[in-house]
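Listed here are the chains, written in short residue letters.
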Amino acid sequence: MSAGYFSALSHLECSRTGERSEADAVQGTSAAGAPLLARYDLERVRARVTREEIAGRAPDLWRYREVLPVRDPRHIVSLGEGMTPLLPLPRYGAELGVPGLLMKDEGLIPTGSFKARGAAVGVSRAAELGVRGIAMPTNGNAGAAWSVYAARAGLRSLIAMPVDAPEITRRECVVAGAELYLVDGLIGDAGRLVAAAVAGREGYQEVSTLKEPYRLEGKKTMGYEIVEQLGWRAPDVILYPTGGGVGIIGIHKALREMRELGWLSGELPRLVAVQAAGCAPIVEAFERGERESVPFPDARTVAFGITVPKALGDFLVLDAVRETGGTALAVTDEELLAAQRALARAEGAFVCPEGAACFAAVGRLRESGWLRGGERVVVLNTGSGLKYPETVAVDVPTLPVDGRIPARP
Ligand SMILES: *Cc1c(COP(=O)(O)O)cnc(C)c1O
């Protein structure tokens, strides 16, 4: 093991019962069927590393290695993920009445979606624990990310996705050599097929959302980065497009770890779970005052990455929102597509429809007064608009070669 490298991973903990389990073995969910959370010896981290030391490290997510699960750096599988820009959006922010609006742009990460974070850490740890193949249902981006990281790690990958998932994600899986199946249904249907297949396959681990503990650890680094990029201060509000909820649960976990480490003081930011009106189970549960969602019927939205009718970690999303004084709201496809276009025109950023949902939500929350004008608000743009070309209709003239472009537009 290289000198100085160290992970403070100590054990896994059931997110429902708190029951502990062994971290250095391949684990799925807890005995209670709930997600397992990785726990670290934060005292040791505090004694061994400072924020200033972290600032001097390479600009990728492995800069937070002490609070990541990989024990031996030789197992790290990296394509350069992490430390994405936190961009001010002054013009669009002013249009919305939120001049302190910022975008954490995950469109600039390998594979063009923040799923690369979960894949980098999840695949690295799976390889470290001796897994030989990973298997997962996906709405597209996660499958693409896990396929390429698995390829780089020399692992096999078995992926199943709905036929309606963004087409480019199929090609990403195929080019990386994944065994890919398209399913005429939703992500839950794909999940049932994958679970049945994995049961009979030696060496494969099922890595569905929150059914293994380490994808969450990769995604939590968004929380560390936002706080580090703001000079070790939290913003007032963070909005997140919520499907399975791993990102928002991860950011909440990161914030609490940083507070315990003494790296962050004061109030935690209010966390906002944004969903699409066509698939809003967590928003409905929030509004009903419940801690668990019910499966959302006939789920459908252009923001395909957040088409998750029932999330295993719904209660953790709801806890994150409530404990931080946040909220949950849904926007329509029409609203999110309008926001996608308005943002691109004002700031030159082509965001994915999921990210656009959060921008639409900022507008709504400012109008209602829930967001105050002077607040520092971070939107997670979880992916590049380039992965969703069909979200922009192109209605322009085609000219003959001897045609003429008008003197004025
Ligand atoms: C997967 C995905 C989401 C939702 O992420 P969860 O962590 O499952 O809530 C949001 N946006 C994009 C682009 C995605 O691919």
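Residues numbered from 1 in each chain as written. Predicted model: local features only at pLDDT ≥ 70, side-chain atom pairs only at ≥ 80, totals over all residues. Heavy atoms only, no water.

Within an unreviewed UniProt entry, the label attached to the protein chain reads Threonine synthase, and the organism entered is Streptomyces hoynatensis. UniProt's Cofactor (unreviewed entry) comment on the protein chain is quoted here verbatim: "pyridoxal 5'-phosphate". (UniProt positions renumbered as here; feature names shortened; annotations may be inferred.)

K.L.:
Looking at this structure, I do not really get the packing of aromatic side chains. What am I missing?
P.N.:
Under the criterion given, the structure shown has five aromatic pairs. Judged by centre distance (6.0 Å) and plane angle (75°), the ring pair of Phe114 and Tyr240 falls under edge-to-face. Remark: Tyr240 occurs in strand β10 (residues 237–241) and Phe114 occurs in the loop between β5 (101–105) and α4 (115–128); sequence separation between them is 126 residues. An angle of 80° between the planes, with centres 6.3 Å apart, marks the rings of Tyr224 and Trp263 as edge-to-face. Taken together, the residues span a long stretch of sequence, with Tyr224 in helix α8 (residues 214–229) and Trp263 in the loop between α9 (246–261) and β11 (270–276) at a distance of 39 residues. Exposure remark for Trp263: the relative accessible area of 5% places this residue in the buried category. Site record: aromatic cluster; members linked through ring pairs are Tyr64, Tyr224, Trp232 and Trp263. Against the face of Tyr204 rests Arg201, its NZ or CZ located 5.2 Å from the ring centre. (Phe/Tyr/Trp six-rings, centres within 6.5 Å; stacked < 30°, edge-to-face > 60°. Helix = DSSP H or I, 4+ residues; strand = E, 2+ residues; numbered from the N terminus. Buried < 20%, exposed > 50% of the residue type's maximum accessible area, 1.4 Å probe, protein only. Lys NZ or Arg CZ within 6 Å of the ring centre and 35° of its normal.)

K.L.:
What am I meant to see in the environment of Trp232 here?
P.N.:
For Trp232, the location among the structural elements is in the loop between α8 and β10. Assessed through its relative accessible area of 13%, Trp232 is described here as buried. Separated by 31 residues in the primary sequence, Trp232 and Trp263 have C-alpha atoms spaced 6.7 Å apart. Excluding residues that lie within four positions of it along the chain, Trp232 makes contacts with Arg51, Ile54, Tyr64, Val227, Met258, Trp263 and Leu264. (Contact = heavy atoms within 4.5 Å.)

K.L.:
Even after reading the chapter, I still don't get the side chain of Ser15, so can you show me in this structure?
P.N.:
For Ser15, the location among the structural elements is in the loop between β1 (9–14) and β2 (20–21). Classification of Ser15 as buried rests on a relative accessible area of 13%. Here the side chain of Ser15 touches Pro35 through a polar contact of 2.7 Å, landing on its backbone oxygen. Setting aside its immediate chain neighbours within four residues, Ser15 contacts Ala34, Pro35, Leu37, Phe315 and Leu316. (Polar contact = N/O pair within 3.5 Å; in protein donor to acceptor, adjacent residues only side chain to side chain.)

K.L.:
It is not clear to me how a nonpolar patch on the surface should be interpreted in this structure. Could you clarify?
P.N.:
Where nonpolar side chains cluster on the molecular surface, the patch consists of Phe350, Leu386, Val392, Val394 and Val396 and spans about 490 Å² of accessible area. Inspection of the secondary structure assignment puts Val392 in the segment after β13 (377–381). (Patch = residues over 30% accessible without salt bridge, like charges linked within 9 Å, V, L, I, M, F, W, Y side chains within 5 Å. Areas by Shrake-Rupley, 256 points an atom, 1.4 Å probe, with all protein chains shown as cover. Salt bridge = Lys/Arg side-chain N within 4 Å of Asp/Glu carboxyl O.)

K.L.:
Looking at this model, I keep getting lost on the pairing of strand β6 (residues 133–137). Mind explaining?
P.N.:
Where a strand is regular, its side chains alternate between the two sheet faces. Within β6, five of the five residues are buried, which leaves the element mostly enclosed by the surrounding structure. Alternating positions in β6 separate into two faces, Gly133, Ala135 and Pro137 on one and Ile134 and Met136 on the other, with burial throughout. Sheet analysis places β6 next to strand β7 (residues 156–162), joined by five bridges and oriented parallel. Bridge pairing in β7 places Ile134 opposite Ser157. Chirality of the crossover, the property in question, places the unit of β6, helix α5 (residues 141–153) and β7 among those that are right-handed. Bridging between β6 and strand β9 (residues 204–206) involves three bridges; their strand directions are parallel. Its bridge partner being in β9, Ile134 is matched across the sheet by Gln205. (Pairing = 2+ DSSP bridges. Right-handed = clockwise from strand over helix to strand, strands pointing away.)

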